[in-house]
Each structure stands twice: as C-alpha cells, then as structure tokens.
Amino acid sequence: KKQHEQTMINLTDNADIHLSSVINENAGMFTDIRLSVTSGGCSGFNYDWQLTSSKETGDHVIDLDSGKLLIDNISLLYLEGMTIDYKKDIFGQRLMIDNPNVKSTCGCGESFQV
C-alpha cells in the first residue's frame, strides 16, 4: 500500500495497478487520472474520475506505476485520509473508496454526505 504523505491518501497496490492500466489503455490521448468531488447525487456529493493530460495549478499529485493521480485542493478537503482499493470478483470490478470523512451514503453507494 502506498501512502502519499502530503495528501494522506492511501492507494493499494491493486488500485495502483488498475489506475495505471486505465492510463496505459488510453496512452496517446491521456497521461493521468483526475479524482474530484462534485456536488450531486442523492446524498450531496459524488466522486468524479476523469482521464486527463492537464495538470492544474495547485493539484496534489500521487505517482502511479504509469501516470499520475491528480486531486485539486478543494476535493482534497473531502478526501484526506481515504483509502482507494480495487476489487474484482464474480460480481464485477470496481474501485472501492474508504473515506473517513463520509457521514452517510445513499442506498446505491454512488453519493455521500460529509
């Protein structure tokens, strides 16, 4: 498990491998992945994952095996202390986020409240 000291975000090896493979599959068009928190959903906030090739001023950068995970300053306020993992089983594959800042989530698990 990697921990980025500046952001206090934990990334499991499985998550690093998965995010790196997504970047590799889109090489030539994108170099990085951006994680941000957006307003919306039934609980108030959503995680938003986007492929990108542009680093913004003030972005926090987590080095992956291939590419980087970028997080803006505002989103980091909601994400500090979280762990990102990747699970693949008979039910499918998904990124799992354990965020200690979340007070509640909606029934479908797609949005959260802080």
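It should be emphasised that the depicted structure is a prediction, and the values quoted were computed from it without experimental measurement. (Residues numbered from 1 in each chain as written. Predicted model: local features only at pLDDT ≥ 70, side-chain atom pairs only at ≥ 80, totals over all residues. Heavy atoms only, no water.)

Colleague: Before we go on, may I ask you to explain the overall build of the protein in this structure?
Modeller: A tally of helices and strands in the protein yields two helices and 10 strands. Mapped from its N terminus to its C terminus, the protein presents α and β elements in the order β-β-α-β-β-β-β-α-β-β-β-β. Scored against the burial criterion, the 114 residues of the protein give a buried share of 37%. Pairs at least 24 residues apart make up 50% of the contacts formed inside the protein by residues separated by at least 6 positions. When the accessible surface of the protein is summed, it comes to about 6,600 Å², and 50% of that surface belongs to carbon and sulfur atoms. (Helix = DSSP H or I, 4+ residues; strand = E, 2+ residues; numbered from the N terminus. Buried < 20%, exposed > 50% of the residue type's maximum accessible area, 1.4 Å probe, protein only. Contact = heavy atoms within 4.5 Å. Areas by Shrake-Rupley, 256 points an atom, 1.4 Å probe, with all protein chains shown as cover.)

Colleague: Teacher, can you tell me more about the pairing of strand 6 (residues 68-71) here?
Modeller: On a regular strand, one side chain projects to one face of the sheet and the next to the other, so that they alternate. Where strand 3 (residues 32-40) meets strand 6, four bridges bridge the pair, whose relative direction is parallel. In the strand pairing of strand 6, isoleucine 33 is matched with leucine 69. The pairing of strand 5 (residues 60-63) with strand 6 spans four bridges and is classified as antiparallel. Following the sheet pairing, histidine 60 is matched in strand 6 by isoleucine 71. Two successive antiparallel strands, strand 5 and strand 6, enclose a turn made up of four residues, where glycine 67 displays a positive phi of approximately 85°. (Pairing = 2+ DSSP bridges.)

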